[in-house]
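Descriptive structure summary
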Amino acid sequence: MPYICLTRSDIPDGTLQILDLLPNASQRHPGYDPPAQTRYLNRVQNEALTLVNGVSYGVKNGLAAYILDRVEPGGLQVGSAEVDLDAPGAVLAGDTITLGGVVFTAVDGLYDPAVQEFYSDLGAGSDEAVMANSLIDAVNDPATQALLLAAGSTVTASAGASLGAGQVTLTADTAGATGALTLAESTAGARIDISNDHLGRTFEAFTADHAYNIAVRIIARLDAASALTATDLNTAINAEAGVSGCSIASVGTLGSLIEVLSILAGRGYRLPDLATVYTGAGYDLWHTAAAGSFDITHLVNDTNMVAGELTPTNIGGDSATMPVKGITDTYNSSTLDISLLEGALSKMSTGLTLWPDSDPIPHFPWTYQKGTAYTQTTARVVTVYDDDGSVLV
């Protein structure tokens, strides 16, 4: 479905109209005509955000809100953390390490990796390498891997030569937030030490400024009629200082290129007040379900027809959904091809005459002074994208 996008912020919503696509909304017969194609164009929304301790404050609309809510931070990066069994004090029987909700328990006797046991200091004969290897066996055991997969991702445990004999590296097998399993230990660092409260990545959280600046960069490409393929979108996202490893198509992302293009075409997206986007001690654990939506809930009173009267089922009205800001779906057709080639879309993409400096005061004929003139310019007012983000005009 092509996306017709308004490229100028100084043209108000509902001002510019496309009339050469068929069927015409005013003349369409609802009984047998396909969906109407004529429409007024709306500008992409992009409101600045406020994010405090992982919570978004205020109702926010537009592309920045969508990026913050739906684009997975560091989605191409693999999380990891270190467990130190060589921390001050011997690891005792009953001490635990919890990874993604799966509990590993230290034992003095013979350990069973299939039930997530590893050697305590006593069980390992005070040999740190033996203790670490037993934890590696427990994590890598097939039974454990099945439990970890249910929690989100399998994890590979290994010993690093630079980490020391009692240290174990845990590395997620799934990139992004999906593999960012939580990590905890029961000794408060006295006998077991962990490097993070989850399997961490290089980049794990967008700030409010990150999301807004990325949206501005994407909109600039729209205004310049530059392609916005998935590759272009990813480049625009990762060009932001401090941002890396992001992809609109990563495993855990909640967004898509198609949805971004629809927002650029004027579709509304809303992030509600007090939406929680990040949790964790460092507010770097991204949520796994979107807090915002393209739809909002409202009340209707015409659910039922009773004795010739429309009434709601519930007193006060029934809940229903409606678009935050809808757009007209564009369908491939011969009239679209003609418009792109030589019609309204062609003319609007090559340049319309505009008077952007005209003041808002009406000038009546009897007050008009000969010679009054306003700055005139010729400019592109629309960019039309195909489904893959390539530019049609």
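Because the structure is a prediction, the values reported are computed rather than measured. (Residues numbered from 1 in each chain as written. Predicted model: local features only at pLDDT ≥ 70, side-chain atom pairs only at ≥ 80, totals over all residues. Heavy atoms only, no water.)

**Side note on the sheet that holds strand β7 (residues 80-84)**
Our working rule: Here, a strand pair is defined by DSSP locating no fewer than two bridges between the strands. Counting from the N terminus, the helices are DSSP H or I runs at least four residues long and the strands are E runs at least two residues long.
Ordered by their spatial adjacency, four strands build an open sheet running β11-β12-β7-β14, and the pairing between neighbours is antiparallel. Edge positions in the open sheet fall to β11 (155-158) and β14 (193-194), since each of these has one partner strand only.

**Some thoughts on the nonpolar core**
Our working rule: In this description, a nonpolar core means a group of buried Ala, Val, Leu, Ile, Met, Phe, Trp, Tyr and Cys residues linked to one another through side-chain atoms lying within 4.5 Å. Burial status follows relative accessibility: with a 1.4 Å probe on protein chains alone, a residue under 20% of its type maximum counts as buried, one over 50% as exposed, and anything between as partly exposed. A contact between two residues is defined here by any heavy atoms of the two lying within 4.5 Å.
Leu 63, Phe 206, Ile 218 and Leu 264 are the most contacted members of the largest nonpolar core, which has 42 residues in total. Of all the secondary structure elements, the ones that give two or more residues to this core are β1 (3-6), α1 (63-70), α4 (208-223), α5 (230-238) and α6 (257-264). Broken down by element, the residue count for this core peaks at seven residues, all from α4. Ignoring sequence-local partners within four residues, the contact set of Leu 264 consists of Cys 5, Val 44, Leu 63, Ile 218, Ile 219, Leu 222 and Leu 228.

**Considering the sheet that holds strand β4 (residues 51-52)**
Spatially, three strands are ordered β4-β5-β16 in an open sheet, and the strand pairing comes out antiparallel. Taken across any chain shown, the strands that pair with only one partner, and hence form the sheet edges, are β4 and β16 (275-276).

**Quick notes on the environment of Thr 171**
Take Thr 171: it is sitting in strand β12 (residues 167-172). On a C-alpha basis, the gap between Thr 171 and Leu 199 in space is 7.1 Å, while along the polypeptide they are 28 residues apart. Once you skip the residues sitting within four places of it in the chain, Thr 171 turns out to touch Val 78, Gly 79, Ser 80, Val 155 and Thr 156.

**Quick word on the pattern of salt bridges**
Keep this limit in mind: When a carboxyl oxygen of Asp or Glu is within 4 Å of a side-chain nitrogen of Lys or Arg, the pair counts as a salt bridge.
Enumeration according to the criterion identifies seven salt bridges in this entry. A salt bridge links Arg 8 to Asp 10, with the shortest nitrogen-to-oxygen separation between them at 2.8 Å. Between Asp 13 and Lys 325 there is a salt bridge, with the nearest N and O atoms lying 2.5 Å from each other. Taken as a pair, Asp 13 in the loop between β1 and β2 (17-18) and Lys 325 in the loop between β22 (318-323) and α7 (334-341) lie far apart in primary sequence, 312 residues in all. Taking the relative accessible area as the measure of exposure, Lys 325 reaches 17% and is therefore buried.

**What about the environment of Val 107?**
Its location among the elements puts Val 107 in strand β9 (residues 102-107). Separated by 115 residues in sequence, Val 107 and Leu 222 place their C-alpha atoms 61 Å apart. For Val 107, the residues in contact, after removing those within four places along its chain, are Ala 93, Glu 117, Phe 118, Tyr 119, Ser 120 and Gly 123.

**Digging into unusual backbone geometry**
As a rule of thumb, non-glycine residues mostly have phi less than zero, and peptide bonds are mostly trans rather than cis. Here the amide bond leading from Leu 22 into Pro 23 is cis, since omega sits at 0°, within 30 degrees of zero. Relative to the helices and strands, Pro 23 is located in the loop between β2 and β3 (39-40). The backbone of Ser 126 shows a phi angle near 60°, a positive value even though the residue is not glycine. Looking at the secondary structure, you find Ser 126 in the loop between β10 (117-119) and α2 (128-140). Of note, Ala 188 is a non-glycine position whose phi angle comes to about 55°, a positive value. Note on placement: Ala 188 falls in the loop between β13 (183-185) and β14. Among the residues examined, Ala 188 registers a relative accessible area of 78% and is labelled exposed.

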